[in-house]
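An overview of the molecular structure
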Amino acid sequence: MSTDKNKNEEEVDLGSLFVIIGNGFNNFFNFIGSIFKGIFHYLIITLLFFKQHLLKILVAGLLGFIFGAYLDYDKGVIYESKMLVKPNFNSTKQLYGNILFYNDLVNQKEYKLLMETFQINQEEAESLRGFSIEPLMNDNNIITSYDELVVSVDTLAIKDYDIESFKKSFTNYDYFFHEIKVTSTQNKIFKKFDKIILSSILENDYFRKVKESENSNLDRSYNLYDKNISQIDTLRKVYEKVLLEDAKNSSSGTNINMSGEINDHADIELFKINRNLDSYLTKISEEKSEKDKIINVISSFQKVGNVSGGILKSNKFIYFSIGFIAMVFILLLVKLNTFLDEYNK
């Protein structure tokens, strides 16, 4: 009798558990359904709002488009050309300063100074619309710079300075490649700027001295490694002769000569050293090639500029968007005001 009673209680407990689980699933799916119903409801309200006020919104956008088209026509077609450079010897900051200076001359309409600086006529000076420079951001530059820092400093000193901290201190000037852009209403004057922009850095006495010192150090390192390689090649030839002599001596008798084993191991070590030195020479050659100039030009200004920006950057699109958004905002304010008045009643 007690066994039947226990079974009934277990069945009741299991039944209650299934009911609870079932209610939980129902509530969950009802909750998900209510979210989709809410999204659908607000979507319908939004569509009804645009349907009701579509003409007003389009008229406002059209007026903005017309105003933007007038500004674009008055401004004329803007052309642009870009030059990609890789500065050396910490000259990046000076390059940025020079480009900002040229841009200030354009903004202040200092046409006489622009004519003197770039050796251009007044019409060309007045056609200029701006100078700008920005880095080509690449996380690999940060990782490479951090690795170089780790190698160059004491291990204990770098222990508490992780790469995340290094990233925070990494500025636009620290990236390897930088893009200079010139804009103008004339599309065939850009080749007149690259030499002048570069010469403002190349003729700087400080950077010239740093370049000469750096290249001199690289030359000394290269010559030293090259000399070491020649010496090691000579030693390897000597060891090879010794090994041959030992081999001849051992073939003429039954004695075992251990000097041959020692020489053989030394030859292997010399081979490894030679290979490492050769790798260093390759790195120095690459560094000499990169630092042969204060600024390496990856690509210079094109002879003929491209049309600047695009539809998304044109005044037509900008003012169309402003008119569209402004009208939607005004209509929403009117609707909110109406709701508040009805709510007070």
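Residue positions are given per chain, counted from 1 along the sequence in the order it is written. Local features in a predicted model are, by the rule used here, given only for residues with pLDDT of at least 70; side-chain atom pairs are given and counted only at 80 or more, and totals for whole chains, interfaces and linings are based on all residues. As a rule here, side-chain values come from all non-hydrogen atoms in the structure, and water together with hydrogens is ignored.

**Regarding the overall build of the protein**
- Of regular secondary structure, the protein possesses 11 helices and 5 strands.
- Think of it in three bands: with a 1.4 Å probe and only protein chains considered, a residue is buried below 20% of the maximum accessible area for its type, exposed above 50%, and partly exposed in between. Scored against the burial criterion, the 345 residues of the protein give a buried share of 25%.
- In the structure as shown, the protein presents an accessible area of about 24400 Å², 58% of it carried by carbon and sulfur atoms. Secondary structure follows DSSP: runs of H or I at least 4 residues long count as helices, runs of E at least 2 residues long count as strands, and numbering of each begins at the N terminus. Only the protein chains shown count as covering a residue, and every accessible area follows the Shrake-Rupley method with a 1.4 Å probe.

**Quick word on the packing of helix H2 (residues 92-107) against helix H8 (residues 194-202)**
- Orientation of H2 relative to H8, taken along the N-to-C sense of each, is 135 degrees, at an axis distance of 10 Å. Of the possible angle classes, the one that applies to H2 and H8 is oblique. Crossing of H2 against H8: the hand is right-handed. From H2, Gln94, Leu95, Asn98, Ile99 and Tyr102 reach across to H8, where they touch Ile196, Ile197, Ser200 and Ile201.
- Under this grouping Gly is polar, as are all residues other than the nonpolar Ala, Val, Leu, Ile, Met, Phe, Trp, Tyr, Cys and Pro and the charged Asp, Glu, Lys and Arg. The residue inventory of the contact of H2 with H8, partitioned by class, reads 6 nonpolar, 3 polar and no charged. To obtain an axis, a line is fitted to C-alpha atoms, over the contacting stretch when the element is a helix, and the angle between two such axes runs from 0 to 180 degrees between their N-to-C directions. The labels follow the angle: roughly parallel below 35 degrees, roughly antiparallel above 145, roughly perpendicular from 65 to 115, and oblique for the rest. Note on convention: near helix rotated counterclockwise from far helix by under a right angle means a left-handed crossing. Clockwise means right-handed. Contacts are assigned to residue pairs with any non-hydrogen atoms lying within 4.5 Å of each other.

**Thoughts on the nonpolar core**
- Take the buried residues of types Ala, Val, Leu, Ile, Met, Phe, Trp, Tyr and Cys, join any two whose side-chain atoms come within 4.5 Å, and each joined set is a nonpolar core. Leu95, Leu128, Phe131, Ile180, Phe193 and Ile197 are the most contacted members of the largest nonpolar core, which totals 29 residues.
- Element by element, the count of residues in this core is highest for H2, at 6 residues.
- Those residues in contact with Ile180 that lie beyond four places of it in its chain are Ser81, Lys82, Met83, Val85, Leu95, Ile99, Ser132, Ile133, Ile197 and Phe301.

**A closer look at the environment of Asp162**
- Within the secondary structure, Asp162 is located in the loop between helix H6 (155-158) and helix H7 (163-169).
- Residue class for Asp162 comes out partly exposed when judged on its relative accessible area of 41%.
- Taking C-alpha positions, Asp162 is 8.9 Å from Tyr146, a pair spaced 16 residues apart along the chain.
- Here a polar contact is recorded for every N or O atom pair within 3.5 Å, except that within protein the pair must consist of a potential hydrogen donor and a potential acceptor, and residues adjacent in sequence are included only if both atoms are side-chain atoms. A polar side-chain atom of Asp162 sits 2.8 Å from a polar atom in the side chain of Ser165.

**Some words on the pattern of salt bridges**
- Should a side-chain nitrogen of Lys or Arg be within 4 Å of a carboxyl oxygen of Asp or Glu, the pair is scored as a salt bridge. Summed over the entire model, instances satisfying the criterion amount to 6 salt bridges.
- Note that Lys181 and Glu80 form a salt bridge whose closest N and O atoms lie 3.7 Å from each other. Linking Lys181 in strand S3 (residues 178-184) with Glu80 in strand S1 (residues 79-87), this pair joins segments that are 101 residues apart in sequence.
- Overall, Lys181 belongs to the partly exposed group, its relative accessible area being 25%.
- On the accessibility criterion, Glu80 (12% relative accessible area) is buried.
- Here Asp194 and Lys191 are joined by a salt bridge, their closest N and O atoms 3.6 Å apart.
- Accessibility expressed as a relative area gives 10% for Asp194, which makes it buried.
- Each member of the salt-bridge network shares a partner with another, and the members are Glu80, Lys82, Glu179 and Lys181.

**Some points on a nonpolar patch on the surface**
- A cluster of nonpolar side chains, Phe329, Ile330, Leu333, Val334, Leu336, Phe339, Leu340 and Tyr343, forms an exposed patch at the surface whose accessible area comes to about 840 Å².
- Examined against the element boundaries, Leu336 turns out to sit in helix H11 (residues 315-344).
- With a relative accessible area of 45%, Leu336 lands in the partly exposed category. Patches in this entry comprise residues that are over 30% relatively accessible and not in a salt bridge; like charges within 9 Å are linked, as are nonpolar side chains (Val, Leu, Ile, Met, Phe, Trp, Tyr) within 5 Å.

**Some details on the side chain of Ser184**
- Locating Ser184 in the fold gives a position in strand S3.
- A relative accessible area of 0% means that Ser184 is categorised as buried.
- A distance of 2.9 Å separates the side chain of Ser184 from the side chain of Ser127, its partner in a polar contact.
- Apart from residues no more than four positions distant in its own chain, Ser184 is found in contact with Val77, Ile78, Tyr79, Ser127, Leu128, Arg129, Ile189 and Phe190.

**Points about the confidence of the model for the protein**
- Confidence along the protein averages 81 in pLDDT terms, with 86% of residues attaining 70 or more.
- Known as pLDDT, the predictor's per-residue confidence is scaled from 0 to 100. Per-residue pLDDT stays below 50 along residues 254-263; that stretch engages in 9 contacts with residues further than four places along the chain or on separate chains.

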